Amino acid sequence: MSVLTPLETGHRSARDTGFMNSYLEALNSVERLHRLLLDVIKDEFERLGILELNPVQALLLFNVDDNEVTAGELKTRGYYQGSNVSYNLKKLVELGYMHHQRSEIDRRSVRVRLTEKGRRIRDVVARLFATHAQGLETRGVLDLSGIEEISAALRRVERYWIDQIRYIY
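Residues numbered from 1 in each chain as written. Predicted model: local features only at pLDDT ≥ 70, side-chain atom pairs only at ≥ 80, totals over all residues. Heavy atoms only, no water.

## So, the overall build of the protein chain
Phase 1: Along its length, the protein chain carries seven helices and three strands.
Phase 2: Ordering the α and β elements of the protein chain from the N terminus gives α-α-α-β-α-α-β-β-α-α.
Phase 3: For the protein chain, the residues scored as buried account for 24% of the 169 residues in total.
Phase 4: Partitioning the contacts of the protein chain with sequence separation of at least 6, the portion at a separation of at least 24 is 50%. (Helix = DSSP H or I, 4+ residues; strand = E, 2+ residues; numbered from the N terminus. Buried < 20%, exposed > 50% of the residue type's maximum accessible area, 1.4 Å probe, protein only. Contact = heavy atoms within 4.5 Å.)

Quick look at the structure:
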């Protein structure tokens, strides 16, 4: 965790410095949780002998679900960065997890959807997440109100960051 030095805080009050340190700790937790999520998916896939997909590709299949989307739509939904999504979609098509089709209207645009093979992987990830949700609840890690509170707080931060991108830069 990064802690601000007196020089970095300038004339901030102890309360401001405390908030900043907590904010940085929260950011660190979000990054760490994302990496851990990828590790959990990787471990599950290794356990099941699914070795040709990486965790990012598995999450992409999960997030596409039963929709037909473009790479641009995945980027605007905030799931993936540009080159990352393009590379992974191309790889998933090559491996037979996704079907792609050029748009009749805009030949530059390619729409993708899951194949049966892709839906099987989506279902593996869905079962893994369902198991996690049940485990968090039954072990008393989080209850419904706790997970709703976390989700609401993260949505507020997301909206704040989106506003920063749209209106400040």
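## Observations regarding the nonpolar core
Phase 1: Counting 24 residues, the largest nonpolar core has Phe-45, Leu-53, Leu-60, Leu-61, Leu-89, Met-98 and Ile-121 as its most contacted members.
Phase 2: Breaking this core down by element, the ones donating at least two residues are helix 2 (14-48), helix 3 (55-64), helix 4 (71-76), helix 5 (82-94), strand 3 (110-114) and helix 6 (116-138).
Phase 3: Among the elements that line this core, the one with the most residues is helix 3, at five residues. (Core = buried A, V, L, I, M, F, W, Y, C linked by side-chain atoms within 4.5 Å.)

## Focus: the sheet that holds strand 1 (residues 69-70)
Phase 1: Sheet architecture is open: three strands sit in the order 1-3-2, paired in antiparallel fashion. Each end of this open sheet is capped by a strand with a single partner; those strands are strand 1 and strand 2 (98-102).
Phase 2: Where strand 1 meets strand 3, two bridges bridge the pair, whose relative direction is antiparallel. Of the residues in strand 3, the one forming a bridge with Val-69 is Val-112. (Pairing = 2+ DSSP bridges.)

## Some remarks on the pairing of strand 3
Phase 1: In the sheet, strand 2 pairs with strand 3 via five bridges, with the strands oriented antiparallel. Within the sheet, the bridge partner assigned to His-99 lies in strand 3 and is Arg-113.

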